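Structure assessment
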Amino acid sequence: MTEAILLVGGRGTRLRPLTVHTPKPMVPAAGVPFLTHQLARARAAGVDHIVLATSYLAEVFEPHFGDGSALGLHLEYVTEEEPLGTGGAIRNAASYLHSGPEDPVLVFNGDILTGLDIRRLVATHETTGADVSLHLTQVTDPRAYGLVPTDGTGRVLAFLEKPQTPEEIVTDQINAGAYVFRRSVIDTIPAGRPVSVERETFPDLLAAGAHLQGMVDSTYWLDLGTPAAFVRGSADLVLGRAPSPAVPGRCGDRLILPTARVAGDAKLTGGTVVGEGAFVGEGARVSGSTVLAGAVVEPGAVITDSLIGARARIGERSVLTGTVVGDGAIIGADNELRTGVRVWCDAQIPTGALRFSSDQ
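Residues numbered from 1 in each chain as written. Predicted model: local features only at pLDDT ≥ 70, side-chain atom pairs only at ≥ 80, totals over all residues. Heavy atoms only, no water.

The subject of this paragraph is the sheet that holds strand β22 (residues 302-304). The parallel open sheet is built from 5 strands, whose spatial order is β16-β19-β22-β25-β28. Only two strands of the sheet have a single neighbouring strand rather than two, namely β16 (267-269) and β28 (336-337). Relative to β28, strand β25 (residues 319-321) runs parallel, the two being bridged by 2 bridges. Within β28, the position partnered with L320 by the bridge is L337. (Pairing = 2+ DSSP bridges. Helix = DSSP H or I, 4+ residues; strand = E, 2+ residues; numbered from the N terminus.)

Right, dumping it as structure tokens:
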């Protein structure tokens, strides 16, 4: 295994306002852009050439990662002028591959945090002689996902999109968003138009008698598509629950980047990250949260399971739980924001303007 395609073109609409100015794979998780963790894990598994399939805010990737040499990789970039879907993006990137027709090509999504054993997936692909091999994981409630039932040997039997009734839920195995393709199979995906691998490519291959192999790997797996999931994923990286060689520091209760300042009596717990140039004031309590670069948490603020955008400011004694604050927003003192609140970039909330309890 030497080559991979990494799909990083999504607009990240479920993550807004985090993705207003930043593509989802570039939002910091555990102190570095999330994409860094994926690239580092691929490199550790023996991948050395990765094609990034970009679209939304495509111009930000290459200035940050360059040719990939700092990570021990050779990176190339291909941009979709119009969104092509997962299958279309894979096909669009194929001309950058050097693999022969029978060689394996790893494909993975830019919004999945996983402990997948990449080498094992490749080995499964090669030993079974599959045309495509899929990473499958098991979930308690599969209704939001595509189900992938397999036979006793792991061969895929069907693709069932988002079942809703108990009768439709025939397995707890879902498509976990990482694949190994035989290179020649990628070349059969239609070019120049949107294609979904989940809804078109895989079902069509199955109908044509192709061999699709599933490998269940139920180590850590998290879809970072929502703000709550992204915050949790970052905390899990810091706590060491999710594996990554790219975390810039020791795993533990907190990660404070070098130029951040934290008051001596502030309390940081639960995998909290304080980004470059950020400040956490006296008596503040921050748990399971991410404070991005240049943000300010004023004295006495209490922040739990939240993400504070770059250059944002949280006023004294304000209490935030399960909240996303966009870049440059200002939350005045003595506000109370609860789960699900999204404060847009550069918005300003005056002192004591939002509460869920008495101000006494």
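Now, onward.
What follows concerns the packing of aromatic side chains. Here a ring pair, both rings aromatic, is described through the centre-centre distance and the interplanar angle of the planes. The full count for this structure, using the stated rule, is 5 aromatic pairs. In textbook terms, an aromatic cluster arises when at least three aromatic residues are bridged by ring pairs, as seen for F159, Y179, F181 and F202. (Phe/Tyr/Trp six-rings, centres within 6.5 Å; stacked < 30°, edge-to-face > 60°.)

Before going further, it helps to examine the side chain of S289. Looking at where S289 falls in the secondary structure, it is placed in the loop between β19 (285-287) and β20 (290-291). A polar contact of 2.9 Å, which involves the side chain of S289, links it to the backbone oxygen of S287. Those residues in contact with S289 that sit more than four places away from it in its chain are V231, G271, T272, V273, I303, T304, D305 and S306. (Polar contact = N/O pair within 3.5 Å; in protein donor to acceptor, adjacent residues only side chain to side chain. Contact = heavy atoms within 4.5 Å.)

What follows concerns the sheet that holds β20. Taken in spatial order, the 6 strands of this open sheet run β14-β17-β20-β23-β26-β29, and their pairing is parallel. Each edge of the sheet is formed by a strand with only one pairing partner; in this case those strands are β14 (254-256) and β29 (342-343). In this sheet, strand β23 (residues 307-308) lies alongside β20 in parallel orientation, the contact comprising 2 bridges. Residue T290 lies in a different strand from β23, and its bridge partner there is L307. Lying over the sheet, helix α7 (residues 227-239) contacts β14, β17 (272-274), β20, β23, β26 (324-325) and β29, oriented at roughly 90° with respect to β17. (Axes fitted to C-alpha atoms, helices over the stretch in contact; angles between N-to-C directions.)

What follows deals with the nonpolar core. The biggest cluster of nonpolar side chains holds 29 residues, and the ones touching the most others in it are I5, I90, V132, L134, F181, F202 and L212. Breaking this core down by element, the ones donating at least two residues are β1 (3-7), β4 (49-54), α3 (85-93), β6 (104-109), β8 (132-138), β11 (173-182), α5 (183-186) and α6 (197-207). In this view, L212 contacts V132, L134, G154, R155, V156, F159, F202, L205 and L206; residues no more than four positions away in its chain are not counted. (Core = buried A, V, L, I, M, F, W, Y, C linked by side-chain atoms within 4.5 Å. Buried < 20%, exposed > 50% of the residue type's maximum accessible area, 1.4 Å probe, protein only.)

With that out of the way, let us pick up the pairing of β4. Counting buried residues along β4, 6 of its 6 residues qualify, which places the element largely inside the surrounding structure. Of the pairings in the sheet, the one linking β1 to β4 comprises 5 bridges and is parallel in character. In the strand pairing of β4, A4 is matched with I50. Summarising the sheet, β4 and strand β5 (residues 74-79) pair through 6 bridges and their orientation is parallel. Bridged to L52 within β5 is Y77.

Before going further, it helps to spend a moment on the UniProt feature "domain: Mannose-1-phosphate guanyltransferase C-terminal" (unreviewed entry) in the protein. Using the residue numbers shown here, the UniProt feature "domain: Mannose-1-phosphate guanyltransferase C-terminal" (unreviewed entry) corresponds to residues 252-332. Between the end C-alpha atoms of residues 252-332 the distance is 31 Å, and the span holds 0% helix and 42% strand. (UniProt positions renumbered as here; feature names shortened; annotations may be inferred.)

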